[in-house]
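# Working through the structure, step by step
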Amino acid sequence: MNNYTRHVLASKAEQLTADYKTRNPNYPTHKGMDFTDDAGKCVIVAVADGVVDSCRSDVIGVDHTYNTAGNYVRIKHPNGIYTRYLHLETGSACVKTGQTVKAGAKLGMMGNTGDSYGKHLHFDVCANGEYVDPLPYLTGAKGFGTNTAQQPEDEPAYPELRKGDKVVLAKAPLYAASTSSKKANTVTGIYYIYADGIINGRIRITTPKGCADCTGWVNAADCKTDKPVNSTPTTGKAPAPVALKVGDKVRVRDDALTYSGERLSSWVYDTVFDVQQVGTLSKNDYIVIGLNGQVTAGMRLNDLTKTS
Ligand SMILES: [Zn+2]
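Overview of the structure. Remember, it's a predicted structure, so these values are computed and weren't measured experimentally.

## Section: the overall build of the chain
Scanning the chain for helices and strands turns up one helix and 20 strands. When contacts within the chain are restricted to residue pairs at least 6 apart in sequence, long-range pairs at least 24 apart make up 61% of them.

## As for the pairing of strand β11 (residues 166-175)
Of the pairings in the sheet, the one linking β11 to strand β12 (residues 185-193) comprises seven bridges and is antiparallel in character. Looking at β12, one finds that L169 is bridged to G189. Sheet topology places β11 next to strand β14 (residues 216-219); two bridges connect them, and they run antiparallel. If you follow L174 over to β14, its bridge partner there is V218.

## Regarding the environment of G32
In this structure, G32 sits in the loop between β1 (14-18) and β2 (33-37). Its 24 C-beta neighbours within 10 Å are what place G32 among the buried residues. Along the chain, G32 and L121 lie 89 residues apart, while their C-alpha atoms are 9.8 Å from each other. When neighbours within four sequence positions are excluded, G32 is seen to be in contact with Y20, H122, F123, D124, Y131 and P134.

## Things to note about unusual backbone geometry
In this structure, H87 is a non-glycine residue whose phi angle is positive, near 70 degrees. Within the secondary structure, H87 is located in strand β6 (residues 82-88). By the C-beta count within 10 Å, which is 26 here, H87 ends up buried. A positive phi angle, close to 50 degrees, is found at K171, a residue other than glycine. Relative to the elements of secondary structure, K171 occurs in strand β11.

## Concerning the environment of A170
Mapped onto the fold, A170 is located in strand β11. Residue A170 is classed as exposed on the basis of its C-beta count, with 10 C-beta atoms lying within 10 Å. As a C-alpha pair, A170 and V187 span 17 residues in sequence and 6.6 Å in three-dimensional space.

## Things to note about the pairing of β14
Pairing between strand β13 (residues 202-206) and β14: four bridges, direction antiparallel. Across the sheet, I203 pairs through a bridge with V218, a residue of β14.

## Points about the nonpolar core
The biggest cluster of nonpolar side chains holds 34 residues, and the ones touching the most others in it are V8, I44, V73 and Y85. Those elements that place two or more of their residues in this core are β2, β3 (43-45), β4 (50-56), β5 (71-76), β6, β9 (121-127) and α1 (135-139). The element contributing the most residues to this core is β9, with five residues. When near neighbours in sequence (up to four residues on either side) are disregarded, I44 contacts V8, L9, Y85, L88, L107, G108, M109, M110 and L121.

## A closer look at the environment of C55
Within the element layout of this structure, C55 appears in strand β4. Its 23 C-beta neighbours within 10 Å are what place C55 among the buried residues.

Cut-offs used in this document
Residues numbered from 1 in each chain as written. Predicted model: local features only at pLDDT ≥ 70, side-chain atom pairs only at ≥ 80, totals over all residues. Helix = DSSP H or I, 4+ residues; strand = E, 2+ residues; numbered from the N terminus. Contact = placed C-beta atoms within 7 Å. Pairing = 2+ DSSP bridges. Buried ≥ 20, exposed ≤ 12 C-beta atoms within 10 Å, placed from the backbone. Core = buried A, V, L, I, M, F, W, Y, C linked by C-beta atoms within 7 Å.

Here it is in C-alpha cells:
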C-alpha cells in the first residue's frame, strides 16, 4: 500500500507503474506518475478541490501521435496549480468544463486512450507553468492551498511533447524567448522538440538533423505531433546522396531507420559497413549493408554516407 494522504483513485489503492522523471532512469522525460488500481475499481477522483477547466471524452483507443493525452480531465485548483488525469476510458468523463469539484469527486474511469500502452492513469501536477513532482502533493508534503503562483487563465491543453518528438507547424509564431511578447518569425514544416519543458505555454524547437541549436520557442498548442516514420531529411541540410556500389564503405546517418522503418541498435551508427547489394524498391534506392559478408540491414540511400 502507498502512504498517500491524497488520492486519485476512489479505491485509494494506487499502484505506481511508472514514476516521475527524477525517480525514473528508464523514462527520464516522464512528467507525471502512472498508476493502476490494485483494487481493480479504476474510478478516478479529484485529488483536491478545484474547477474543471478542460476535459475530453471522445478519443477512441490508443493514439500515439495526435491525441496523446487521450481522454482527460484537467482541474484548476484555487491557488493556480493544475492537475491532469489522462488516458480515461472513452465516454467516461463525468464532469464538465467549468464545474466545481471537491477532493474525491469522481472524474471518470481509468482507460487506455491516447499515448498509452495499457490501462492506467497518468496523473501530473503543473505549477508555475511547469510540470512538477506529484509525489509531495500525494503524500501531503505540499499543499494545494499554500502556493499563490498563478497561471494564465486561458492556458490550453498541450500535447505531451518530449525532447526529440517530431512536430508539424503551420505558420506558427516563433519567439526568441519563452517570455518574448514579439514574434521573431513564423515557422512552417517539420521540426523537433529541442528540450523537455513547457514554459509560459511555449516549448523550444530545433530543425531536423545536422543542427543541434535551438531554433526558438513556439506555442506548445501550435505543435501537431507526429510519429517519426522515416528519417528522410526535410531540409537541405543533409548532404545530397552519393551513388553507391557493392563494396563501398558506408556509415549510417544518426537516427536513420531501416528501409522497412525499424529502429537499429545504437552501435550501428558508429560502425563502418560494406555495401553488399544495391537495388531499387518502390522506385527508391535500396542498399543492403553488412559486415564480414553478413547482412545487417536494408537502408535508404540518403541515410548512408560514403567513407573514403
Ligand atoms: Zn504517464
